[in-house]
Amino acid sequence: MARKKTPNIDFIIGMAEDFVNGGDYIGFVLDFTYYFIQKYDKMCKENEMLADMINYYLFEKAFDIHKNDSEEQLRIIMKKALKELKSDDIDIY
C-alpha cells in the first residue's frame, strides 16, 4: 500500500472539512489551533506553498479572526475559506 504524500496537510484540511460538514463545534474550536501548530512544520516539508496557503486561508483569514463567532457563522466562514483554498485559480498540488 502506498503512503500518502501529504498526511499532515490532509489531516488539517480534513479537520476543517469535517467541521464544515457538521462536525463537533467545541472540539474543532478547541483543537484546530493545537493541531495546526503541531503539524505546521511537517506540512511545510510536504508542500511549503500549500502549507502557507492553508495558513493564510484557513487559519489567518478565517479561524483566527472568527473563532469566537457563533457556530453557524464560523461554519460559513470556514466553508468559504475552504472554497477559496480549493479554487481553480490556485494550483495547490
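A few points on the structure. These numbers were taken from a predicted model, which means no experiment stands behind them.

What counts, and where the lines are drawn
- Residues numbered from 1 in each chain as written.
- Predicted model: local features only at pLDDT ≥ 70, side-chain atom pairs only at ≥ 80, totals over all residues.
- Heavy atoms only, no water.
- Helix = DSSP H or I, 4+ residues; strand = E, 2+ residues; numbered from the N terminus.
- Buried < 20%, exposed > 50% of the residue type's maximum accessible area, 1.4 Å probe, protein only.
- Lys, Arg positive; Asp, Glu negative; His and termini not counted.
- Salt bridge = Lys/Arg side-chain N within 4 Å of Asp/Glu carboxyl O.
- Contact = heavy atoms within 4.5 Å.
- Axes fitted to C-alpha atoms, helices over the stretch in contact; angles between N-to-C directions.
- Parallel < 35°, antiparallel > 145°, perpendicular 65-115°, else oblique.
- Left-handed = near helix turned anticlockwise from the far one by under 90°.
- Nonpolar A, V, L, I, M, F, W, Y, C, P; charged D, E, K, R; others polar.

## Points about the side chain of lysine 39
And step 1. Considering the arrangement of structural elements, one finds lysine 39 in helix H2 (residues 25-46).
And step 2. An unpaired buried charge is present at lysine 39: no salt bridge exists, and glutamate 46, the closest side chain of opposite charge, is 7.6 Å distant.
And step 3. Apart from residues lying up to four places away in sequence, lysine 39 is in contact with Asn8, Phe11 and Ile12.

## What about the packing of helix H1 (residues 7-20) against helix H4 (residues 71-85)?
And step 1. Where H1 meets H4, the axes come as close as 9 Å, and the angle between the chain directions of the two elements is 135°. Comparing their axes, H4 and H1 come out oblique. The way H1 lies across H4 gives a crossing that is left-handed. For the pair H1 and H4, the contacting residues are Ile13, Ala16, Glu17, Phe19 and Val20 in the first and Glu71, Leu74, Arg75, Met78, Lys79, Leu82 and Leu85 in the second.
And step 2. Of the residues in the contact of H1 with H4, the class split is eight nonpolar, no polar and four charged.

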